[in-house]
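Working through the structure, step by step
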Amino acid sequence: MPSPRHPFLADRKVVFLLALFCCLLWGSSFPAIKNGYALFGIAPSDIASKLVFAGWRFAIAGLSLVAYAALSGKPVRGLGARAWGQIAFLGLAQTTLQYVFFYIGLAHTTGVKGSIMNATGTFFSVLMAHFLYRNDRLTYGKAVGCAVGFAGVMVVNLGHGLGGLLDLDFTLLGEGFVVIAAFVLAAASIYGKRISQGIDPIVMTGWQLAIGGAALLAAGYAMGGGLTGFTLASSALLAYLALLSSLAISIWSLLLKYNRVSLVTAFNFMVPVFGALLSAVFLGESVLEWRNGLALVLVCFGIWRVTQAGPAAPSGAGIGAKAPART
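Going by an unreviewed UniProt entry, the chain carries the name DMT family transporter and comes from Variovorax ginsengisoli.

See below:
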């Protein structure tokens, strides 16, 4: 059944502000994770310990969110066998599988190319929404907006010199796995949107993070990984990563429940932009370059173009639901 309209969360100004806030949090995770590896002494090639680090992050985030939902009076246990199965599947896909592909891919490619390939998730979301939601069809404006926004992501990640511009090497374990991770995340997000129509998004997010985090912990420890070097600084950083995961994914899930997929996912282009800006602040990387200004202009135009597709219709009009008129 279509979900009821939510006047506040369906307001475009609110959507823009909350979506940008989520992207700011996710962008901050890039320098935070890099600092985390340094604080916990995790070597670049130590995939097992990276999975353990991620597992603790998501498990803590999920359990914290479940505790918050319980204190708020939301039902967190008696969900039924079908709901538990859906949440478990979502956690294993959106948190566990996506993260495994993403970090194996990053271990076999550069950060620049990984960022560019990861942005393909927005294209996957818009394309899948076209086939799954009759009120979220791909239009010329959306196609132009996606193309311009993706161009902005490419510009902000351009290498220096001719060699950086023409470096197009592609491997399955590297760039291929990053693209697979982007596809898994896009598909899982749309699946999460569908099951959130019958499950509270906060409860759903909390349990899927906890289940996905537990699976990452099991895989990481089974591969011989571990997490040492707990100090006040490293513990605070882990707590921040857990907080941003629970907060950003919860808000994102709520936005997806009450709005068109393409309207919300268009803002994904801002994640690498925020990541670059915050990396400059916290990692000392260069940001005062022409490419960063041009990228911001292109990304903002792309977002504006994609979101000019008309008013958001009830978001539940997918397969098996009564279809509203096309926008």
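Next comes the rest of the write-up.
So, on to the packing of helix 5 (residues 120-132) against helix 8 (residues 172-195). Here helix 5 crosses helix 8 at 40 degrees, and the two axes come no closer than 8 Å. One finds that helix 5 runs oblique with respect to helix 8. Crossing handedness for the pair helix 5 and helix 8: right-handed. Facing T120, G121, F124, S125, M128, A129 and L132 of helix 5, the residues of helix 8 in contact are V179, A182, F183, A186, A187 and I190. Class assignment of the residues belonging to the contact of helix 5 with helix 8 gives a composition of 10 nonpolar, three polar and no charged.

What follows covers the packing of helix 2 (residues 47-71) against helix 9 (residues 201-222). Interhelical geometry of helix 2 versus helix 9 gives an angle of 155 degrees and a closest axis separation of 7 Å. Comparing the axis directions of helix 2 and helix 9 gives the class roughly antiparallel. The two elements helix 2 and helix 9 meet at a crossing, and its hand is left-handed. Looking at the contact of helix 2 with helix 9, its residues break down into 22 nonpolar, six polar and no charged.

Below, the discussion takes up the UniProt feature "transmembrane region" (unreviewed entry) in the chain. Under the present numbering, the feature "transmembrane region" (unreviewed entry) in UniProt falls on residues 47-71, 83-104, 116-133, 140-158, 170-190, 202-224, 236-256 and 263-284. Summarising residues 83-104: 100% helix, 0% strand, and an end-to-end C-alpha distance of 31 Å. What you have in residues 202-224 is 91% helix and 0% strand, and the ends, taken at the C-alpha atoms, are 33 Å apart.

This paragraph deals with the nonpolar core. Core analysis: the largest hydrophobic core is formed by 62 residues, its most contacted members being W26, F53, Y99 and W252. Excluding its chain neighbours within four sequence positions, the residues that come into contact with F53 are I33, G36, Y37, F40, I42, L227, L238 and L241. The next biggest cluster of nonpolar side chains, apart from the first, holds 16 residues, and it includes L65, V76, I202 and A210.

As a further point, take helix 2. With 25 residues, helix 2 extends 36 Å from end C-alpha to end C-alpha; this agrees with the ideal 36 Å at 1.5 Å per step. At the exit of helix 2 stands G73, carrying a positive phi of roughly 85 degrees.

Turning our attention to the state of the cysteines. For the structure on display, the rule yields zero disulfides. No disulfide involves C22; its sulfur sits 6.8 Å from the nearest other cysteine sulfur, which is in C23. Since its relative accessible area comes to 0%, C22 is described here as buried.

Along the chain, L277 turns up in helix 12 (residues 270-283). Residues L277 and P31 lie 246 residues apart in sequence; the distance between their C-alpha atoms is 9.9 Å.

A complete count under the given rule lists 10 aromatic pairs for this structure. Aromatic pair F40 and F53: ring centres 5.4 Å apart, planes at 50 degrees, arrangement tilted. Here F53 lies in helix 2 and F40 lies in helix 1 (residues 12-40), a separation of 13 residues in the sequence. Classification of F40 by relative accessible area gives buried; the value is 5%. Residue F53 is classed as buried on the basis of its relative accessible area, which comes to 2%. One aromatic cluster in this structure is built from Y37, F40, F53 and F230.

A word on the environment of P31. Along the polypeptide, P31 turns up in helix 1. A relative accessible area of 2% places P31 in the buried class. Linking P31 and L283, residues 252 residues apart in sequence, is a C-alpha distance of 6.6 Å. With near-sequence residues (within four places) excluded, P31 lies in contact with L278, S279, F282 and L283.

What follows concerns a nonpolar patch on the surface. On the surface, F21, L24, L243 and L247 cluster together into a nonpolar patch covering about 320 Å² of accessible area. For F21, a relative accessible area of 33% corresponds to the partly exposed category.

Quick look at the side chain of K50 now. Mapped onto the elements, K50 comes out in helix 2. Buried charge without a partner: K50 forms no salt bridge, and the closest opposite charge is D46, 8.3 Å away. For K50, the contacting residues outside a window of four places in its chain are Y37, I42, A43, P44, Y99 and Y103.

Thresholds, definitions, all that
- Residues numbered from 1 in each chain as written.
- Predicted model: local features only at pLDDT ≥ 70, side-chain atom pairs only at ≥ 80, totals over all residues.
- Heavy atoms only, no water.
- Axes fitted to C-alpha atoms, helices over the stretch in contact; angles between N-to-C directions.
- Helix = DSSP H or I, 4+ residues; strand = E, 2+ residues; numbered from the N terminus.
- Parallel < 35°, antiparallel > 145°, perpendicular 65-115°, else oblique.
- Left-handed = near helix turned anticlockwise from the far one by under 90°.
- Contact = heavy atoms within 4.5 Å.
- Nonpolar A, V, L, I, M, F, W, Y, C, P; charged D, E, K, R; others polar.
- UniProt positions renumbered as here; feature names shortened; annotations may be inferred.
- Core = buried A, V, L, I, M, F, W, Y, C linked by side-chain atoms within 4.5 Å.
- Buried < 20%, exposed > 50% of the residue type's maximum accessible area, 1.4 Å probe, protein only.
- Expected span 1.5 Å × (residues − 1).
- Disulfide = S-S within 2.5 Å.
- Phe/Tyr/Trp six-rings, centres within 6.5 Å; stacked < 30°, edge-to-face > 60°.
- Patch = residues over 30% accessible without salt bridge, like charges linked within 9 Å, V, L, I, M, F, W, Y side chains within 5 Å.
- Areas by Shrake-Rupley, 256 points an atom, 1.4 Å probe, with all protein chains shown as cover.
- Salt bridge = Lys/Arg side-chain N within 4 Å of Asp/Glu carboxyl O.
- Lys, Arg positive; Asp, Glu negative; His and termini not counted.

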